[in-house]
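Coordinates in review
Here are the chains, one letter per residue:
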Amino acid sequence: MRSFLRPAAGLTCLFAMAVAGCSTGSDGTSDAAPAPSKKASASESDGTDGTDGSDATDASSTSYAPYVSATEAADTDDAGSPSTYNLAFVIASGSSCTPAWNGTEAIGSSTVKSRISKLKEDGATVRVSFGGASGKELATTCSSAAKLAAAYGAALDAAGSAQADFDIEGDTLTDSDSVALRSEAIALLQKERPDLEVSFTLPVMPSGLDSDSLALLESANKYDVQVSTVDIMTMNYGESYDGDMGDYAVTSAKATHTQLKKVFGLSDAGAWGGMALTSMIGVNDVDGETFSLSDAKDVRAFAEEKGIAWVSMWSTFRDVQCESGSSGDDDAATNCSGVSQSSGAFGEAFAG
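Now for a description of the structure that goes with this document.

Calculation notes
Numbering of residues starts from 1 in each chain and follows the order in which that chain's sequence is written. In view of the model being predicted, local features appear only for residues whose pLDDT reaches at least 70, and side-chain atom pairs are presented and counted only at 80 or more, with totals across whole chains, interfaces and linings using the full set of residues. Side-chain calculation: all heavy atoms of the structure are included, whereas hydrogens and water are not. Comment: elements are numbered from the N terminus, with helices defined as DSSP H or I runs of at least four residues and strands as E runs of at least two. The buried label goes to any residue with under 20% of its type's maximum accessible area, the exposed label to any with over 50%, and the partly exposed label to all in between, with areas taken from a 1.4 Å probe on protein chains only. We get accessible surface area from the Shrake-Rupley algorithm with a probe of 1.4 Å; when it comes to residues, only the shown protein chains can shield them. The pairing test for Phe, Tyr and Trp rings, Trp by its six-membered ring, is centres within 6.5 Å, and the orientation test on the planes gives stacked under 30 degrees, edge-to-face over 60, and tilted for anything in between. For a Lys NZ or an Arg CZ to count as sitting over a ring, it must be within 6 Å of the ring centre and within 35 degrees of the ring normal. A helix is expected to span 1.5 Å multiplied by its residue count minus one. Two residues form a contact once any of their heavy atoms are found within 4.5 Å. Angles shown run from 0 to 180 degrees and are taken between the N-to-C directions of axes, each axis being a line fitted to C-alpha atoms and, for helices, limited to the stretch in contact. Throughout, a crossing is termed right-handed when the near helix is turned clockwise from the far one, and left-handed when it is turned anticlockwise from it by less than a right angle. Polarity classes work like this: nonpolar for Ala, Val, Leu, Ile, Met, Phe, Trp, Tyr, Cys and Pro, charged for Asp, Glu, Lys and Arg, and polar for all others, with Gly in that last group. Whether two strands pair comes down to DSSP finding at least two bridges between them. Definition of a polar contact: a pair of N or O atoms within 3.5 Å, with one able to donate and the other able to accept a hydrogen when the atoms are protein atoms, and with sequence-neighbouring residues admitted only if both atoms are side-chain atoms. Here, the term right-handed applies to a crossover whose path from the first strand over the helix to the second runs clockwise when the strands point away from the viewer. Only a pair of cysteine sulfur atoms within 2.5 Å counts as a disulfide in this structure description. Put simply, a salt bridge is a Lys or Arg side-chain nitrogen that is within 4 Å of an Asp or Glu carboxyl oxygen.

Observations concerning the overall build of the protein
When helices and strands are counted, the protein shows 10 helices and 13 strands. In the protein, which comprises 352 residues, the share counted as buried stands at 59%. Carbon and sulfur atoms form 47% of the exposed surface of the protein, whose accessible area is close to 13,200 Å².

Below is the structure:
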């Protein structure tokens with residue numbers, strides 16, 4: 001997913017599942033579904049407890065957790081009354097092991113602290129998202145797992161959060177050294193912070209996660225990272241995918257569900273409950289891909305049916321209609337959706 005850098009051209013309690021259930025956020029709440037142990041019993045894994053495990057639980061378990069700018073407020077931030085905000089993004093300041101918002105704003109920035117306080121006013125939590133499509137993810141700049149864990153921890157402390165999202169994509173996803181270092185660092189951090197919830201946000205295709213994303217999850221397993229959620233980015237498939245974006249999102253989720261069951265040894269319900277879906281609203285970065293309000297409603301309905309942990313979008317900043325087309329200060333790739341809508345309409349659709 002894109003960053004909020006200006007100018008912009010453009011973003012397991014689930015799986016590693018050594019845990020018996022999700023931990024809570026910093027305020028004692030959680031937006032992730034309960035997760036079974038990685039060493040699940042036969043009844044949990046294959047439905048021999050008398051249930052078919054085809055659909056997970058209660059529709060009300062699906063929350064809405066959009067991506068927001070950590071540094072700049074949008075009028076549409078509170079559309080749909082999110083239960084959690086994904087703060088985008090913490091990356092390295094230059095080539096150092098120093099975390100910074102968008103690589104430029106100090107972690108301890110009073111402006112960001114004020115913004116986070118405002119987001120939390122109505123009871124929402126915040127999840128710190130590390131990585132994204134731009135800049136350098138900290139695992140590529142820190143020289144040891146201990147230093148990397150400290151950098152991640154500093155950002156979480158600054159935000160007052162016990163929820164960490166790792167948006168890993170592009171060249172960073174194919175860098176096996178940084179993948180291993182990140183897994184080791186997260187495991188260290190979870191030993192220090194047993195309540196830390198970890199999600200991985202990964203690119204997806206209608207055929208599911210690619211080999212690099214699966215290797216990242218296997219690395220998390222190797223280091224015993226306890227993963228709350230795997231969030232798939234249902235967007236930017238390629239020019240040959242010019243069909244219905246809502247259908248592609250559902251197809252991607254179904255394919256990923258099969259993969260997650262295999263990687264983590266989960267039941268049907270457990271794999272759905274440890275999944276999240278993030279869509280790029282409106283005009284996507286690939287010609288021919290436009291995610292409509294109808295698509296958002298369809299994705300929400302599917303998520304509720306399956307008991308998916310949360311749905312998200314890139315981003316609240318773009319949840320408005322463009323006023324001046326696709327160039328200049330009002331750019332569909334950056335700060336509006338590129339489709340006809342009322343302000344905040346996508347947030348309301350995803351919230352259900």
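Back to the text.
A few points about the packing of aromatic side chains
The final tally for this structure, using the stated rule, is 13 aromatic pairs. The interplanar angle of 20 degrees and the centroid separation of 5.7 Å between the aromatic rings of Phe89 and Trp314 together place this pair among those described as stacked. Linking Phe89 in strand β3 (residues 84-92) with Trp314 in strand β13 (residues 310-314), this pair joins segments that are 225 residues apart in sequence. Pair check on accessibility: Phe89 and Trp314 agree, each one buried. Every member of this aromatic cluster is reached through a ring pair, and the members are Phe130, Tyr152, Phe166 and Phe200. The residue whose ring lies beneath Arg127 is Trp310, and the NZ or CZ to ring-centre distance is 4.2 Å.

Describing helix α5 (residues 176-192)
Its 17 residues give α5 an end-to-end C-alpha distance of 25 Å, which sits within 8% of 24 Å, the value for a rise of 1.5 Å per residue. Those residues of α5 not exposed but buried are Ser178, Val179, Leu181, Arg182, Ser183, Ala185, Ile186, Ala187, Leu189 and Gln190. In the core, the buried residues of α5 are packed alongside α3 (145-159), β7 (163-167), α4 (171-174), β8 (197-203) and α6 (211-222).

Comments concerning the packing of α5 against α6
Contact geometry for α5 and α6: axes closest at 9 Å, N-to-C directions at 35 degrees. Where α5 crosses over α6, the two elements pack in a sense that is right-handed. Residue-level contacts link Val179, Ala180, Arg182 and Ser183 of α5 to Leu216, Ser219 and Ala220 of α6. Its residues assigned to classes, the contact of α5 with α6 comprises four nonpolar, two polar and one charged.

Points about the pairing of β3
The element β3 is extensively covered by neighbouring structure, given that nine of its nine residues are classed as buried. Inspection of the sheet shows strand β2 (residues 67-69) paired to β3 by three bridges, in the parallel sense. From the neighbouring strand, Val68 faces β3, where its bridge partner is Leu87. In this sheet, strand β6 (residues 125-131) lies alongside β3 in parallel orientation, the contact comprising six bridges. Along β6, the bridge assignment pairs Thr84 with Thr125.

Notes on helix α7 (residues 245-264)
The end-to-end C-alpha separation of α7 is 28 Å, in line with the 28 Å expected for 20 residues at 1.5 Å each. For α7, the side-chain oxygen to backbone nitrogen distance between the N-cap and Gly246 is 3.0 Å, and the N-cap itself is Asp244. Count one or two residues on from α7 and you reach Gly265, which has phi positive near 65 degrees.

Considerations on the pairing of strand β9 (residues 227-234)
Within β9, eight of the eight residues are buried, leaving the element largely enclosed by the surrounding structure. The sheet contact formed by β8 and β9 spans six bridges and is parallel. Among the inter-strand pairings, Ser199 is bridged to a residue of β9, identified as Thr229. Viewed along the sheet, the connection from β8 through α6 into β9 turns out right-handed.

Some thoughts on the state of the cysteines
For the coordinates displayed, the defined rule picks out two disulfides. One disulfide bridge connects Cys97 with Cys142, the sulfur atoms lying 1.9 Å from each other. An S-S torsion of about 95 degrees defines the bridge between Cys97 and Cys142 as right-handed. Of this pair, Cys97 sits in the loop between β3 and β4 (99-101) while Cys142 is found in the loop between β6 and α3, placing the two residues 45 residues apart along the sequence. Owing to a relative accessible area of 24%, Cys97 belongs among the partly exposed residues under this scheme. Disulfide pairing places Cys322 opposite Cys336 at an S-S distance of 2.0 Å.

Thoughts on unusual backbone geometry
A cis geometry characterises the amide bond from Ala88 onward to Phe89, with omega recorded as -20 degrees. Each neighbour pair has its own omega, and for Trp314 with Ser315 the value is -5 degrees, a cis peptide bond. When you line up the elements, Ser315 lands in the loop between β13 and α10 (345-351). One non-glycine residue with positive phi stands out, namely Asn236, at about 50 degrees. Relative to the helices and strands, Asn236 is located in the loop between β9 and α7. Judged by its relative accessible area of 27%, Asn236 falls in the partly exposed class.

So, the pattern of salt bridges
The final tally for this structure, using the stated rule, is seven salt bridges. For Asp157, the salt bridge identified is with Arg193, shortest N-O distance 2.8 Å. Placement of Asp157 in helix α3 and of Arg193 in the loop between α5 and β8 is noted, with a sequence separation of 36 residues between them. In this structure, Lys306 engages Glu305 in a salt bridge whose closest nitrogen and oxygen atoms are separated by 3.9 Å. You can call Glu305 partly exposed: its relative accessible area is 46%.

Interpretation in functional terms is not warranted from these geometric data alone.
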